[in-house]
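Examination of the molecular architecture
Spelled out from the first residue to the last, the chains are:
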Amino acid sequence: MNFHPVVRALGYTLLTLAIAAVVWLFGSAHAAWATLVLGLLLQLAYHLRQWIALERWARNPSPATELVGSGVWSEPFAHLYRHERDLRRQIAYWQEELARFGAAGQALTVGAIIVGEGWRIEWCNRMAEQQLGLNQQTDIGEPITHLVRQPLFLNYLTAGDFAAPLQMRSERAGDALLSVHVIAYGKKRQLIQITDITQTERVDQMRRDFVANVSHELRTPLTVLHGFIETLRELDLNPEERNHYLGIMAEQSDRMQRIVQELLLLSTMEAAPPPPTDERINMTSLLDKLRRDAEALSNGQHQVELIQGCHADLFGSEGEITSALSNLVSNAVRYTPAGGSIRIHWSSSAEGAEFAVEDTGIGIDPAHIPRLTERFYRVDRGRSRESGGTGLGLAIVKHAITRHQASLHIHSKPGQGSCFAVRFPAARVAL
Ligand code: ADP
């Protein structure tokens, strides 16, 4: 039978009393007392041994050393041991979870700082360290207001109105533009979230500039057209004058049409899937066409030469490559005064293939070169317009060749000429 431990302990005491009583009956009172005392002392010694084992284990309770008791102590010891082991398991589990969340917080691409009362930092991630120059080792527990001293930031925190984020320049992360959000949560805790918006701001600025540029570019020919329509309406002109004005109007509407067409081409390329890698562009016939186009545009005013050093072809979109290379060739003709020469080169090597157009034209000041592929960027607006330029040609070139993993290299000397080279990687070259 399985009795409750307390009943069993009482049982042992009663048994001792019973033995003492028997000794009294058949022996003497002294012997009975001696038996009773001995029995109780034995029981006390037994309990003391168990207590010492418990005390030793409790000093350093570890699931590795099992707590084993005997008799009435075995069950409570087993419970205690199991409880300790479960507790340890739970602690290990939560430690792992905490480490996982901590690692996720560290991996965030936005800066995150948890602050408590008095803006004291309780936790921050690596991105916040870089953005604000904090240190996770030394700055925990310090008020953030003592560490980040930018007046804009301090005023924002002390004003306490966090409905709109604060935008400020980082003094640490290369002048990056940061957007700071303060989000209150829990008991007197705030999460400061810092997002780097440099790129978004740049794209926004580009979009604003682009809209302004397009409006400006279209407004000029529109104003001219509008003026001539008024003139034709109001003045009684002879057929010769009328034809002259209509000619100018046609020129302006052509110009607007070219701008719109080129803008559409750019936006089509932006939205289009990557160019094919298995469609072969016949370079020999494309180069020949480019040479003939250059001669037609030059109208005999330049010497045009094609130096075809190889018969390699390209894989890609024929339309995009044709428009990129024709733009380079037509620029060479348009920016080279009469009497100059234009050379078209095509060559290949183990690294890939190179298309280059060399001219002996007006050249470009080095300061302008990095910006030439921006939309509507022109060194000399008047000259570009006179020769029928829209300022979008090199933007198209850059876009089309980048889609083919190629790169544009520009070398130029003012007054001496320019060389525009497009380098295609070996993967795009068909031998
Ligand atoms: P545009 O329609 O004005 O020619 P592009 O984008 O094709 O526009 O070229 C941008 C600017 O780069 C031109 O306005 C011109 O100032 C300069 N440029 C391009 N190609 C040449 C060249 N071969 N020689 C001199 N300048 C050039």
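A quick note: this is a predicted structure, and the numbers were derived from the prediction, not measured.

This part covers a nonpolar patch on the surface. A cluster of nonpolar side chains, contributed by V37, L41, L44, L48, W51 and I52, occupies part of the molecular surface with about 580 Å² of accessible area. Using a relative accessible area of 38% as the deciding quantity, one classes I52 as partly exposed.

The full set close to the ligand counts 21 residues, and R334, Y335, S384, G391 and L394 are the nearest of them. At 2.7 Å, a side-chain N or O of Y335 approaches an oxygen atom of the ligand. Note that an oxygen atom of the ligand is positioned 3.3 Å from one of the backbone N or O atoms of G393. Relative to its unbound accessible surface of 520 Å², the ligand loses 98% to contact with the protein. At the level of secondary structure, the elements contributing two or more residues to the shell around the ligand comprise α10 (318–334), α12 (393–402) and β12 (417–425). A per-element tally of the shell around the ligand places α10 first, with three residues. Looking at side-chain class alone, the shell around the ligand contains 10 nonpolar, eight polar and three charged residues.

In this section: the environment of K188. If you trace the backbone, K188 turns up in the loop between β4 (177–185) and β5 (189–196). C-alpha separation for the pair K188 and L394, spaced 206 residues apart in sequence, amounts to 56 Å. Leaving out residues up to four positions away in the same chain, K188 has contacts with V115, G116 and E117.

Now for the packing of α10 against α12. For the pair α10 and α12, interaxial distance at closest approach is 9 Å and the crossing angle is 145°. Considering only the axes of α10 and α12, their crossing is left-handed. Between α10 and α12, the contacting residues are E320, S323, A324, N327, L328 and N331 on the first element and G393, L394, I396, V397, A400 and I401 on the second. For the contact of α10 with α12, the residue count by class is seven nonpolar, four polar and one charged.

With that settled, the discussion passes to the nonpolar core. In this structure, W346, F355 and F424 are the most contacted members of the largest nonpolar core, which totals 47 residues. Secondary structure elements with two or more residues in this core: α8 (239–271), α9 (283–298), α10, β9 (341–349), β10 (352–359), α12, β11 (407–413) and β12. Three or more residues apiece are contributed to this core by two domains, here domain 3 (200–271) and domain 4 (280–430). Apart from residues no more than four positions distant in its own chain, F355 is found in contact with L287, L290, L325, L328, V329, I344, H345, W346, F420, A421, V422 and F424. In this structure, L134, F153, Y156 and L166 belong to the second largest nonpolar core, which totals 21 residues.

We now examine the domain arrangement of the protein chain. Each assigned domain of the protein chain is listed with its residue range as follows: domain 1 (5–88), domain 2 (108–196), domain 3 (200–271) and domain 4 (280–430). The straight-line distance from the C-alpha centre of domain 2 to that of domain 3 is 49 Å.

Okay, helix α6 (residues 151–159) next. For α6, every residue scored as buried is listed here: F153, L154, Y156 and L157. Buried residues along α6 cover an arc of 160° about the axis, so they all sit on one side. For α6, exposure combined with an orientation more than 90 degrees from the buried face picks out P151, N155, T158 and A159. Its buried side turned inward, α6 meets α5 (144–147), β3 (166–169) and β4. Trailing α6 by a residue or two, G160 shows a phi angle of about 75°, which is positive.

All right, on to the side chain of E262 then. On the secondary structure map, E262 appears in helix α8. For the buried E262, no salt bridge exists, and the shortest N-O distance to an oppositely charged side chain is 5.6 Å, to R258. Not counting residues up to four positions away in its chain, the partners in contact with E262 are T390, L392, G393 and I396.

Moving on, we come to the side chain of S412. Structurally, the position occupied by S412 is in strand β11. At 2.8 Å, the side chain of S412 and the backbone nitrogen of I364 are in polar contact. Looking at S412, its side chain comes within polar contact range of the main-chain oxygen of G417, at 3.3 Å. What S412 contacts, discounting residues up to four positions off in sequence, is G363, I364, I369, G417 and S418.

Parameters at a glance
- Residues numbered from 1 in each chain as written.
- Predicted model: local features only at pLDDT ≥ 70, side-chain atom pairs only at ≥ 80, totals over all residues.
- Heavy atoms only, no water.
- Patch = residues over 30% accessible without salt bridge, like charges linked within 9 Å, V, L, I, M, F, W, Y side chains within 5 Å.
- Areas by Shrake-Rupley, 256 points an atom, 1.4 Å probe, with all protein chains shown as cover.
- Salt bridge = Lys/Arg side-chain N within 4 Å of Asp/Glu carboxyl O.
- Buried < 20%, exposed > 50% of the residue type's maximum accessible area, 1.4 Å probe, protein only.
- Near = heavy atom within 4 Å.
- Polar contact = N/O pair within 3.5 Å; in protein donor to acceptor, adjacent residues only side chain to side chain.
- Helix = DSSP H or I, 4+ residues; strand = E, 2+ residues; numbered from the N terminus.
- Nonpolar A, V, L, I, M, F, W, Y, C, P; charged D, E, K, R; others polar.
- Contact = heavy atoms within 4.5 Å.
- Axes fitted to C-alpha atoms, helices over the stretch in contact; angles between N-to-C directions.
- Left-handed = near helix turned anticlockwise from the far one by under 90°.
- Core = buried A, V, L, I, M, F, W, Y, C linked by side-chain atoms within 4.5 Å.
- Domains from an automatic or database assignment.
- Arc of directions from axis to C-beta.
- Lys, Arg positive; Asp, Glu negative; His and termini not counted.

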